[in-house]
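Summary of structural features
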Amino acid sequence: MTTEAESPHLLSVRDLGKTFRLPGGRDLVAVDAVSFDLNAGESLGIVGESGSGKTTTARIIAGLESATAGSIDFGGRTLGGSGRSRSSAREIQMVFQDPFGSLDPRQRIAAGIEELLGLHFRFSKSARRARVTELLEEVGLGAQHADELPRNLSGGQRQRVAIARALALEPELLILDEAVSALDVSVQAQILNLLIDIRERTEIAYLFVSHDLAVVRQVCERSIVMNHGRIVEAGATADILDRPTNAYTRQLVDAIPRPGWRPKRRLNAAG
Amino acid sequence: MTANDRSTGMPAEQASRQDLLLAIERLQVTLPPRRRGEARRTVIHDVSMQIAPGESLGVVGESGSGKSMTTRAVMRLLPQGASMTGRLDFDGQDVMGMSRRELSAYRGSQVGMIYQDPRAHTNPLRTLGDFLIEGVTLSGQMRRTEAEELACDLLRQVGVGDAGHRIRQYPHQLSGGLLQRVMIVMALMPSPRLVLADEPTTALDVTIQSEVMAILGEQIRERQCGLMFITHDLDLAAAVTDSLAVMYAGVVVETGPSDNLYSSPRHPYTAGLLASRPHSERVERPTAIPGRPLSAFEAGPGCVFASRCPFATQQCHEQRPALREVDGRNVACHRVEEFGADLTYQFKEAQ
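Residues numbered from 1 in each chain as written. Chains lettered and ligands numbered in written order. Predicted model: local features only at pLDDT ≥ 70, side-chain atom pairs only at ≥ 80, totals over all residues. Heavy atoms only, no water.

1. Overview of the overall build of chain B
Summing up its helical and strand segments, chain B has 14 helices and 12 strands in all. The C-alpha radius of gyration of chain B comes to 21 Å, within 12% of the 20 Å expected for a compact globule of 351 residues. Principal axes of the C-alpha set define a box for chain B whose edges measure 65 × 55 × 45 Å. In chain B, which comprises 351 residues, the share counted as buried stands at 54%. Long-range pairs, those at least 24 residues apart, make up 65% of the contacts in chain B with a sequence separation of at least 6. Total accessible area on chain B stands at roughly 15200 Å², and carbon and sulfur atoms take up 47% of it. Computed over 37 positive and 41 negative side-chain charges, the separation of the two mean positions in chain B equals 7 Å. (Helix = DSSP H or I, 4+ residues; strand = E, 2+ residues; numbered from the N terminus. Rg over C-alpha atoms; globule rule 2.2 N^0.38 Å. Buried < 20%, exposed > 50% of the residue type's maximum accessible area, 1.4 Å probe, protein only. Contact = heavy atoms within 4.5 Å. Areas by Shrake-Rupley, 256 points an atom, 1.4 Å probe, with all protein chains shown as cover. Lys, Arg positive; Asp, Glu negative; His and termini not counted. Charge placed at Lys NZ, Arg CZ, Asp CG, Glu CD.)

Right under this line is the structure:
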């Protein structure tokens, strides 16, 4: 939009590319000329199937992977591929699909968050404790969870912890990579509502990576659809889902099971 | 034979059971305690469901609901030390009373199984051809060349081109969607009368899911084969099955025709599941069910859903309701008569 063009974007991704060298010397282009912008406080969905490059794109922005082409501007600075400063690492946080894999199995919940706070902020010990309680409350956990180990929490609770840990660092951008995909439906709704509420309370921007179009519809105003490493469609989420212009997007939308839906078979099966 | 004994002097209502392909009645499964001194763990409290020949039944539930354990009970492949009570009849034959020989014939030729993760159920060191023909040749149903021909034929039917080449390949050379089609072929090889599919598309992308479901549906219909489709996805199950059984914490809480149950749920848990899905056509805050799904062994003496149910009364917490017929379906809820036609709406309002 023209009016918004005057305010600089929080995140500007330009011609991002990532090529993996496979054993045997072949190249795999995972991300190809991807460009998009994200404003402060905005929520952008990256939609696609496995192999579409959506997770690789997110990981490059989070600094977990380095790009082989293109540039990323964040908050007016150009981000290097990896080895970022501690402050820019703080400003972009990421929540993964499997919270069990991203929590230290031997560290109690509160101790883990305190460690993070100590690393990035100058807090007194008592202020740290108070902030931990506040953060746990913010994600719907109580004091009784503070001294638990991750394995004693349910999947939904662990994902709440992962979100609390990300929020602890007061990031400007939260990258959520299939953050609600592994959860049971009844719990998924809780976490989804939590994410919606956090956006209403704070100025955090979301980059929401998901294969689930219904979930993206609830969380993101704008979305991009990726296929084979490229953006095939971009725009308002409602427009993309209701009136897809790209053939691949239409296939994705048609594949969502709903009342009266019949599974469809393509003519030729590919390898 | 058990079937003959039971056909004499049976009540009229039970006589129809003879026509069913699969009849599970008041199934209960317990596992040995994890530690000494603890009690046995109940993983299935009370499961009753039926499949007529050629019928497809969707079994829907969240983690810990006992849906996978139910399929393992049907195959009699429960963990060691498990004990099972209730009735389990396949085509009028008592599965629990089967001898080893009968059981091996039953598993080998009557029931086909498709799992969620095809990679975990194929041998990476053996070709797909070996994998596909092993069962039917070992059981003496077919000769090797005959089995190979059938395998190629079936692979072509499920849309795998160049079948003659594929059967010499190894699992890692195929994509997940393609390998799941090979699993479908595997299940169909002995021409089973019932296929058990446990989350067969959960690990697949949506477009591939659509395709695999279409292929599975085609094959099942053509053969007049029964299908038990296990899934966490109520929308998917409602779209591809004739009837549904909704499970929670080891109990079937509601069963009925799929369209009917999906459009007007009568059990609060079914309504809660429908209310908590994100809406795919508009922005609407999902209504979450508070708490987390309970496992069967955590359930108290009352209704298994009582701790998360907005309508629960004292009676619900103390006394477990049995399935009873309401509006052409079976519902396990004390208060079902009090609810109106739009229970999903009532559930949202109550939260």
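2. Observations regarding the pairing of strand β9 (residues 243-248) of chain B
Residues and elements named next belong to chain B. Burial analysis of β9 places six of its six residues in the buried class, which makes it a mostly covered element. The side-chain alternation of β9 yields two buried faces, one formed by Ser243, Ala245 and Met247 and the other by Leu244, Val246 and Tyr248. The sheet contact formed by strand β3 (residues 56-60) and β9 spans four bridges and is parallel. Bridging from a neighbouring strand, Leu57 pairs with Ser243 of β9. (Pairing = 2+ DSSP bridges.)

3. Topic: the environment of Ser102 of chain A
Residues and elements named next belong to chain A. Counting through the fold element by element, Ser102 comes out in the loop between β6 (92-95) and α4 (109-120). Accessibility expressed as a relative area gives 33% for Ser102, which makes it partly exposed. Remark: the alpha-carbon pair of Ser102 and Arg158, spanning 56 residues in sequence, is separated by 9.6 Å.

4. Quick notes on the nonpolar core
Ile114, Leu155, Ile184, Met189, Leu216, Tyr248 and Tyr269 of chain B are the most contacted members of the largest nonpolar core, which has 75 residues in total. For this core, the element with the highest residue contribution is helix α8 (residues 176-188) of chain B, accounting for eight residues. In terms of nonpolar packing, the next biggest core, distinct from the first, is built from 52 residues, Leu169, Ala179, Val180 and Cys220 of chain A among them. (Core = buried A, V, L, I, M, F, W, Y, C linked by side-chain atoms within 4.5 Å.)

5. Some details on the side chain of Glu62 of chain B
Secondary-structure assignment places Glu62 of chain B in the loop between β3 and α3 (67-74). Of the side chains with opposite charge, Arg308 of chain B comes closest to the buried, unpaired Glu62 of chain B, at an N-O distance of 4.0 Å. For Glu62 of chain B, the side chain forms a polar contact with the side chain of Tyr269 of chain B, separated by 2.8 Å. Those residues in contact with Glu62 of chain B, other than ones at most four positions away along the chain, are Asp184, Val185, Ser186 and Val187 of chain A together with Lys67, Met247, Tyr248, Tyr269, Leu273, Pro293 and Arg308 of chain B. (Salt bridge = Lys/Arg side-chain N within 4 Å of Asp/Glu carboxyl O. Polar contact = N/O pair within 3.5 Å; in protein donor to acceptor, adjacent residues only side chain to side chain.)

6. Focus: the sheet that holds strand β10 (residues 230-236) of chain A
Residues and elements named next belong to chain A. What the six strands build is an open sheet, ordered β6-β7-β8-β3-β9-β10; its pairing is mixed. Two strands lie at the open edges of the sheet, namely β6 and β10, each paired on one side alone. Sheet twist, expressed as the average angle between the axes of neighbouring strands with direction ignored, equals 15°. The pairing of strand β7 (residues 173-177) with strand β8 (residues 205-210) spans five bridges and is classified as parallel. Looking at β8, one finds that Leu176 is bridged to Phe208. Running at roughly 105° to strand β9 (residues 222-227), helix α11 (residues 247-254) makes contact with β3 (43-47), β9 and β10 of the sheet. (Axes fitted to C-alpha atoms, helices over the stretch in contact; angles between N-to-C directions.)

7. So, the interface of chain B and chain A
Frequently, the measure chosen for interface size is the accessible area removed from exposure when the parts meet. Contacts between the two partners involve 48 residues from chain B and, on the opposite side, 36 residues from chain A. Interface area, chain B with chain A, both sides summed: about 3400 Å², of which 53% is carbon and sulfur. Where chain B meets chain A, there are one salt bridge. For Asp197 of chain A, the salt bridge identified is with Arg285 of chain B, shortest N-O distance 3.0 Å. Seen at the junction of chain B and chain A, the total is 18 residue pairs in polar contact (both at pLDDT 80 or more). Classifying every residue of the side of chain B that touches chain A by side-chain character gives 19 nonpolar, 13 polar and 16 charged. (Buried area = accessible area lost by both parts, 1.4 Å probe. Nonpolar A, V, L, I, M, F, W, Y, C, P; charged D, E, K, R; others polar.)

8. Quick word on the packing of helix α12 (residues 268-276) of chain B against helix α14 (residues 343-350) of chain B
Axes are the key here: two packed helices are described by the angle between their axes and the distance separating the axes. Residue and element names in this part refer to chain B. One way to put it is that α12 packs onto α14 with a least axis distance of 8 Å and a crossing angle of 75°. It follows that α12 is roughly perpendicular to α14 by the angle criterion. Residues Pro268, Ala271, Gly272, Leu274 and Ala275 of α12 form the contact with α14, whose participating residues are Leu343, Thr344, Phe347 and Lys348. (Parallel < 35°, antiparallel > 145°, perpendicular 65-115°, else oblique.)

9. Considering α3 of chain B
Residue and element names in this part refer to chain B. The element α3 is largely enclosed, with a buried count of six among its eight residues. Among the residues of α3, Lys67, Met69, Thr70, Thr71, Ala73 and Val74 are the ones counted as buried. Arg76 occupies a position one or two residues after α3 and carries a positive phi of about 55°.

10. Remarks on α12 of chain B
α12 of chain B sits mainly inside the fold: nine of its nine residues count as buried. Buried residues of α12 of chain B: Pro268, Tyr269, Thr270, Ala271, Gly272, Leu273, Leu274, Ala275 and Ser276 of chain B, and no others.

11. Concerning the packing of aromatic side chains
Following the criterion strictly, the structure yields seven aromatic pairs over all chains and no others. The rings of Tyr248, Tyr269 and Phe305 of chain B are connected pair by pair, giving a single aromatic cluster. (Phe/Tyr/Trp six-rings, centres within 6.5 Å; stacked < 30°, edge-to-face > 60°.)

12. Notes on the side chain of Arg329 of chain B
With respect to the helices, strands and loops of the structure, Arg329 of chain B is situated in strand β12 (residues 329-331). Engagement of the side chain of Arg329 of chain B in a polar contact is seen with the side chain of Asn260 of chain B, the distance being 2.9 Å.

13. Side note on unusual backbone geometry
Residues and elements named next belong to chain B. Despite not being glycine, Arg76 shows a phi value in the positive range, around 55°. Turning to its location among the elements, Arg76 is positioned in the loop between α3 and β4 (83-90). Taking relative accessible area as the criterion, Arg76 reaches 28% and is therefore assigned partly exposed. Phi at Asp162 is positive, roughly 55°, even though this residue is not glycine. Among the secondary structure elements, Asp162 is positioned in the loop between α6 (144-157) and α7 (163-166).

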